[in-house]
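An overview of the molecular structure
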Amino acid sequence: MTARHALLADDPRYAEMFDVARETLAAGGEVYEDLTPRMVALARQAPVMEGSIAELLGLPAERHQIFEVQRPHYTLWSFAACDRALRENEVFSSAVYRESPGVRRMGENILSMTGARHRAYRGIVQPKFIRPVVASLWRPRWIQGAVDALLDNLHGRERADLNLELCARLPVHVVSEGIGIGGERALDFRYHLLRATVLARNLSPEEIGRSFAVVRTMLQELIDARRAEPTDDVMSALVTGSLELPGEDARPLTDEEIVAFCLLVMTAGGGTTWRQLGITLVALLSDYRLWEACREDRSLVEAAVEESARWMPTDPTFPRLVMEDVEVEGMRIPAGCRVDMCLATANRDPSRWDHPDVYDPFRPRQSHLGFGMGPHRCLGMEVAKMEMVLAINGLLERFPHMTLDPDAPPPRLLGGLHQRGYSAVPVRFNA
Ligand code: HEM
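Presented here is an overview of the structure given in this document.

Basis of the calculations
- Residues numbered from 1 in each chain as written.
- Predicted model: local features only at pLDDT ≥ 70, side-chain atom pairs only at ≥ 80, totals over all residues.
- Heavy atoms only, no water.
- Near = heavy atom within 4 Å.
- Polar contact = N/O pair within 3.5 Å; in protein donor to acceptor, adjacent residues only side chain to side chain.
- Helix = DSSP H or I, 4+ residues; strand = E, 2+ residues; numbered from the N terminus.
- Nonpolar A, V, L, I, M, F, W, Y, C, P; charged D, E, K, R; others polar.
- Pairing = 2+ DSSP bridges.
- Salt bridge = Lys/Arg side-chain N within 4 Å of Asp/Glu carboxyl O.
- Buried < 20%, exposed > 50% of the residue type's maximum accessible area, 1.4 Å probe, protein only.
- Axes fitted to C-alpha atoms, helices over the stretch in contact; angles between N-to-C directions.
- Parallel < 35°, antiparallel > 145°, perpendicular 65-115°, else oblique.
- Contact = heavy atoms within 4.5 Å.
- Phe/Tyr/Trp six-rings, centres within 6.5 Å; stacked < 30°, edge-to-face > 60°.
- Lys NZ or Arg CZ within 6 Å of the ring centre and 35° of its normal.

**What to know about the site of the ligand**
Around the ligand, the structure places 25 residues, and the nearest of them are Tyr 97, His 118, Arg 320, His 376 and Cys 378. Taking Arg 122, its side chain carries an N or O atom lying 2.8 Å from an oxygen atom of the ligand. In this structure, Arg 320 approaches the ligand through a side-chain N or O atom, which is 2.7 Å from an oxygen atom. Elements that contribute at least two residues to the shell around the ligand include exactly α8 (115–125), α15 (255–286), β6 (317–322) and α19 (381–398). It is α15 that contributes the most residues to the shell around the ligand, seven residues altogether. Of the residues in the shell around the ligand, the class split is 14 nonpolar, nine polar and two charged.

**Concerning the sheet that holds strand β10 (residues 403–404)**
The strand order across the open sheet formed by three strands is β5-β13-β10, and the pairing between neighbours is antiparallel. The strands lining the two open edges of the sheet, one partner per strand, are β5 (159–161) and β10. Relative to strand β13 (residues 426–428), β10 runs antiparallel, the two being bridged by two bridges. When the sheet's bridge partners are listed, Thr 403 is paired in β13 with Arg 428.

**A few points about the pattern of salt bridges**
Summed over the entire model, instances satisfying the criterion amount to 36 salt bridges. One salt bridge in this structure joins Glu 88 and Arg 84, with 3.2 Å as the shortest N-O distance. Owing to a relative accessible area of 31%, Glu 88 belongs among the partly exposed residues under this scheme. Given a relative accessible area of 27%, Arg 84 falls into the partly exposed group. When salt bridges with common partners are traced through the structure, they connect Arg 131, Glu 302, Glu 306, Arg 365, Glu 382 and Lys 385 into a single cluster.

**Quick notes on the pairing of strand β9 (residues 338–342)**
Here β9 lies mainly inside the structure; five of its five residues are buried. Of the two faces of β9, both are covered, the one formed by Arg 338, Asp 340 and Cys 342 as well as the one formed by Val 339 and Met 341. Relative to β9, strand β3 (residues 73–76) runs parallel, the two being bridged by four bridges. The residue bridging Tyr 74 from the neighbouring strand is Val 339, located in β9. The pairing of β6 with β9 spans five bridges and is antiparallel. Within β9, the residue paired with Phe 318 across the bridge is Met 341.

**So, the packing of helix α12 (residues 186–196) against α15**
One way to put it is that α12 packs onto α15 with a least axis distance of 11 Å and a crossing angle of 105°. In terms of their interaxial angle, α12 and α15 are classed as roughly perpendicular. Residue-level contacts link Phe 189, Arg 190, Leu 193 and Leu 194 of α12 to Leu 263, Met 266, Thr 267, Gly 270 and Gly 271 of α15. By residue class, the composition of the contact of α12 with α15 is five nonpolar, three polar and one charged.

**Section: the packing of aromatic side chains**
Under the defined criterion, the tally for this structure stands at seven aromatic pairs. Relative to Tyr 359, the ring of Trp 311 lies with its centre 5.2 Å away and its plane at 50°, an arrangement referred to as tilted. Of the two residues, Trp 311 is situated in helix α17 (residues 300–311) and Tyr 359 in the loop between α18 (343–346) and α19; the sequence distance between them amounts to 48 residues. Given the relative accessible area of 15%, Trp 311 is considered buried. Put simply, the rings of Tyr 14, Phe 18 and Trp 274 pair up and form one aromatic cluster. In this arrangement the basic side chain of Arg 310 is found over the ring face of Trp 353, its NZ or CZ atom lying 5.5 Å from the centre.

**Focus: the environment of Cys 82**
Position of Cys 82 among the secondary structure elements: in helix α6 (residues 79–87). Cys 82 gets classed as buried once you look at its relative accessible area, which sits at 0%. Distance in space between the C-alpha atoms of Cys 82 and Val 328 is 9.5 Å, their sequence separation being 246 residues. Sequence-distant contacts of Cys 82, defined by excluding residues within four places in its chain, comprise Leu 76, Trp 77, Met 341, Cys 342, Leu 343, Ala 346 and Leu 369.

**As for the sheet that holds β3**
Strand order in the open sheet formed by five strands is β2-β3-β9-β6-β4, with mixed pairing between adjacent strands. Each end of this open sheet is capped by a strand with a single partner; those strands are β2 (48–50) and β4 (92–93). Each of β2, β3, β4, β6 and β9 touches α6; the most contacted strand, β9, lies at about 120° to it.

On their own, these measurements won't tell you what the molecule is for.
This is the structure we're talking about:
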């Protein structure tokens, strides 16, 4: 099968994997309609509260337990509180992820590291993810061709579900190809990766082991190939990079370290962009003047994407472990507690944005937390933005009069506390 065939294949695993409700349940969460209004109502009462976000929302807390260690909880709602916790990573530590079996199954990776160790590991691949490299390498090599193939495939059709035919397929292929896994194996890789890690809850140890072996073998073959002959992909940066930890001699990464890194990037880069692209498309098509404005002025598309990550970030909450007694916005939080940072409400803080609940690509641009902030700010954010901008521009170009399909049920925002999005984005092309 060629990469193009795999991208367009009528494979039932796309429907199985790219369904927000199914994904949330498989990860052990509960599925809800949009929780944003309830989160915002709480956030308007106080910037920080005692209790986990699940408890404060009145949801059954045990169903949202992705950590095996029980700890007292606080929830940070405001922009100032979340921004500080994201930046002060030694006090509000990412080591919290080590208490999650789903993350631990990937092996130790940058998500749970802090300080100099985090900088050293992340520094090896950071140059592959900066904006100019995304424009000069990722765009022509891995993104534009995939967008064109997916949209060519819709030519002549009257209607389509863009969730399955565009939003789901594009990021899986882009991230796989960017790492170096050929597009023809991208779906296989993601399918087994999710079964081996974050969606392993309902599987037997044998099934998890089998999926892990598939993923491990594919990566080992790639590591060996790139060690023999490096190219310009991410795997080549990993095998040729030099790790400089404080007080230690510089050395190459081990195979295990490379595998752990790849598992994180492939997990983080597939699901998020899928859901955020759907969120952006539904937002633009739901207020048709915005779709028309983007059509008239393409420079607005980038702002439309950025504003969607502010207004409705697909991952609304992230955790941290408090390492020392600290006071946040007037609330004392003891060492050893876990905090839930609610990026969804931080991004709607009325002290920072006028009419924060409105999706408005015309608003003055200022930094938001949809991609995080500080040392762990999303490594792949420029890749994600480029994918979304090129996909939306491609749609505007080819289907300028596209609307949400009036004959289909309106898209419903579903998800849990950790991810949310649309499982169907039904459109009519109105050629
Ligand atoms: C719209 C799409 C995306 C959103 C909303 C998003 C959001 C985020 C957020 C909020 C974080 C911070 C997590 C924390 O501080 O605990 C993060 C980290 C990360 N993201 Fe993304 N992400 C997206 C796409 C991607 C893509 C496409 C990739 C890879 C190609 C990627 C790779 C990563 C990695 C590796 C980290 C960990 C960085 C670190 O710990 O230093 N993400 N992302």
